[in-house]
Amino acid sequence: MNILLILPDQQRADFVGFAGTHPVRTPNLDRLAARGVSFSRAWTPSPLCSPARACLALGRDYDRSPVRNNADNLPIDAPNFYRKLRDSGYRVGSCGKVDLLKGEMDWGLDGQHRRGGVAAFAQLGFTDGLDSGGKHDAVQAFERHIDEPYLAYLKTLGLAETHVNDYKQRELGKSAVPIGELRADEDELLPCYTNLEPTPLPDEAYGDNWIGRKALQTLETMGRSDPWFMQVNFSGPHEPMDITRGMAERCWDVEFSLPRGRKNEDAPRQRRIRQRYAAMIEGVDTWLGAIVEFLDRTGQLDETFIVYTSDHGEMLGDYNLWQKTVPYEASVRVPLVIAGPEVVPGRIVDTPASLLDLIPTFFDIGRTNPLDNLDGVSLMPLLTGETSRHRDHTTSGIGSWRAITDGRYKLVLGYDEAESMESMQKGTFADRGNVPALLFDMTRDPFESTNIANAHAEIADCLRARLLDVIDNSRTR
């Protein structure tokens with residue numbers, strides 16, 4: 001069977017139409033969920049781009065991955081599922097930001113990461129497509145006179161300088177401010193969110209539209225002689241809020257709720273930020289529909305498993321936090337929908353799941369021998385309705401903190417609000433007594449507002465032992 005993986009960047013789990021939590025218009029994803037299985041408690045193994053995508057490629061927990069933060073490359077010789085599928089007879093394609101080789105910033109005009117005449121992109125296992133820089137990386141590459149596919153495309157249109165100049169007005173902020181000191185009145189430090197002006201790019205030149213076209217072109221060239229795996233890495237809804245004028249016009253009258261736990265007087269601006277975040281998701285949904293239509297038109301839909309998920313979430317102003325890298329649900333929980341042959345339609349699974357579970361699932365779909373020592377558990381029995389049981393827990397972490405959930409309770413260790421997001425990413429985990437553990441009852445307190453670690457010490461101790469056992473096993477395997 002073919003496998004299509006749609007992987008937007010930084011999409012939180014509750015911003016999908018079928019969830020009914022926010023007025024996001026995702027009719028194509030909603031149809032996918034209606035004919036497939038959706039997972040309401042799926043976590044990323046790490047809420048940061050490169051670590052999450054490396055864990056996915058390797059099928060390993062964060063503590064077993066060599067990619068600790070966004071500065072690390074995935075070693076070419078590390079066993080990964082792309083190369084395993086290729087060696088099992090699959091054509092393996094990808095378009096957009098893979099984020100496994102970003103450290104060297106050597107995409108090249110063709111997105112192949114050529115080093116000494118050898119394409120590192122192909123060495124990872126990809127037979128088709130290209131790798132491009134993320135939103136900020138592509139702009140940095142252009143400023144450093146480094147070739148990168150998307151900015152090279154804009155250059156042919158005479159729009160590269162225009163795009164780069166626009167991004168200079170949307171630079172990041174706050175990464176060095178201690179989390180506990182972040183205040184709502186510091187929003188001027190976050191122009192990547194508060195600059196709500198439309199991009200000067202026309203719709204056809206917008207990054208995700210370029211990625212969508214490249215994905216369709218790649219699928220056309222891959223043909224039907226071999227089974228294929230295709231990963232489409234959209235740039236949205238990652239900040240900045242740089243939607244096109246047409247996208248802005250389509251979302252301006254949609255009324256969104258305000259961020260949780262945010263004390264400020266800027267409700268209209270917060271709603272506009274959420275409109276733009278949702279508009280990027282709706283753009284990705286349009287391309288999902290176009291790709292599904294292509295598969296249907298070419299007679300491939302009935303022989304293709306389609307997976308929709310994201311590498312991590314986005315705080316989007318909840319508790320005055322932005323971006324990701326923190327252990328709250330908006331950051332670690334991701335959408336996960338799977339549809340395909342023999343998949344039970346319309347099923348919702350609320351047991352813990354992980355992005356890592358996709359890898360053994362892909363091997364089951366391809367009926368190929370899996371990689372050794374995977375940390376995921378195949379979702380196939382859940383997809384076909386053979387069982388309702390899956391994991392009894394899943395974990396996530398980055399730098400100095402780790403988290404675990406059994407589906408109802410969630411424990412966080414090492415999360416220190418005296419740290420900044422920047423230092424937290426590069427920290428080292430330790431179960432420190434001076435940093436209070438956080439325990440939340442996700443059934444009664446889904447928005448993580450009350451720490452019950454002291455009141456329910458026995459539950460916290462049980463989850464702590466289980467989490468530390470996972471970490472110890474990871475380090476010794």
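Structure first, text after, so check above.
Note that the coordinates shown come from a computational prediction; the quantities given were computed from them, not determined experimentally.

Sorry, what's going on with the overall build of the protein here?
Counting its regular elements, the protein contains 16 helices and 16 strands. Relative to the 2.2 N^0.38 estimate, which gives 23 Å for 477 residues, the radius of gyration of the protein is 21 Å and therefore close to what a compact globule would have. Structurally, the protein occupies a C-alpha span of about 60 × 50 × 45 Å along its principal axes. Counting only contacts in the protein whose residues sit at least 6 apart along the sequence, the fraction spanning at least 24 positions is 74%. A total of about 18,100 Å² of accessible surface is found on the protein, and carbon and sulfur atoms cover 47% of it. With 54 positive and 70 negative side-chain charges, the protein shows a separation of 1 Å between the mean positions of the two kinds.

So what exactly am I meant to see when it comes to the sheet that holds strand S16 (residues 438–441) here?
For sheets, the rule is that strands pair by backbone hydrogen bonds, running either parallel or antiparallel. One open sheet holds the 4 strands; their spatial order is S13-S14-S15-S16, and the pairing between them is antiparallel. The sheet is open, and its two edges are formed by strand S13 (394–398) and S16, each paired on a single side. Recorded for the sheet is a direction-independent mean angle of 15° between the axes of neighbouring strands.

I'm lost on the pattern of salt bridges in this one. Help?
Opposite charge on two side chains permits pairing when their charged atoms draw close. Inspection of the entire model under this criterion finds 28 salt bridges. Between arginine 114 and aspartate 110 there is a salt bridge, and its shortest N-O distance comes to 2.8 Å. As a salt-bridge pair, aspartate 266 and arginine 269 come within 3.2 Å of each other at their nearest N and O atoms. Judged by its relative accessible area of 26%, arginine 269 is partly exposed. Connected via shared salt-bridge partners are Asp9, Lys97, Asp99, Lys102 and Asp137.

Help me understand the environment of glutamate 204 in this model?
Tracing the sequence through the fold places glutamate 204 in the loop between helix H8 (191–194) and helix H9 (207–222). A residue is classified by how much of its surface remains accessible, and glutamate 204, at 49% relative accessible area, is partly exposed. With 40 residues separating them along the chain, glutamate 204 and threonine 244 place their C-alpha atoms 9.7 Å apart. If near-sequence neighbours (up to four positions away) are discounted, glutamate 204 is found in contact with Tyr153, Asn209 and Arg213.

Explain the environment of glutamate 255 here, please?
When you line up the elements, glutamate 255 lands in the loop between helix H10 (245–251) and helix H11 (267–297). For glutamate 255, a relative accessible area of 56% puts it in the exposed group. Taking C-alpha positions, glutamate 255 is 27 Å from arginine 444, a pair spaced 189 residues apart along the chain. Here glutamate 255 is in contact with Pro23 and Arg271, once residues within four sequence places are set aside. Reaching out from glutamate 255, the side chain makes a polar contact with the side chain of arginine 271 at a distance of 3.1 Å.

Whenever I open this one, helix H6 (residues 149–156) confuses me. Can you help?
Quick reminder: α-helices carry 3.6 residues per turn. Residues three or four places apart thus point the same way. Within H6 the residues assigned to the buried category are Pro149, Tyr150, Leu151, Tyr153 and Leu154. Residues of H6 that are buried in the fold lie against helix H5 (135–143), helix H7 (160–168) and H9. Where H6 begins, one side-chain oxygen reaches toward the backbone nitrogen of tyrosine 150, 3.1 Å away; that side chain belongs to glutamate 148. Remark: glycine 158 follows H6 within two positions and exhibits a positive phi of approximately 75°.

Here is what the cut-offs are and how they apply
- Residues numbered from 1 in each chain as written.
- Predicted model: local features only at pLDDT ≥ 70, side-chain atom pairs only at ≥ 80, totals over all residues.
- Heavy atoms only, no water.
- Helix = DSSP H or I, 4+ residues; strand = E, 2+ residues; numbered from the N terminus.
- Rg over C-alpha atoms; globule rule 2.2 N^0.38 Å.
- Contact = heavy atoms within 4.5 Å.
- Areas by Shrake-Rupley, 256 points an atom, 1.4 Å probe, with all protein chains shown as cover.
- Lys, Arg positive; Asp, Glu negative; His and termini not counted.
- Charge placed at Lys NZ, Arg CZ, Asp CG, Glu CD.
- Pairing = 2+ DSSP bridges.
- Axes fitted to C-alpha atoms, helices over the stretch in contact; angles between N-to-C directions.
- Salt bridge = Lys/Arg side-chain N within 4 Å of Asp/Glu carboxyl O.
- Buried < 20%, exposed > 50% of the residue type's maximum accessible area, 1.4 Å probe, protein only.
- Polar contact = N/O pair within 3.5 Å; in protein donor to acceptor, adjacent residues only side chain to side chain.

The quantities given are spatial measurements derived from coordinates; they are silent on function.
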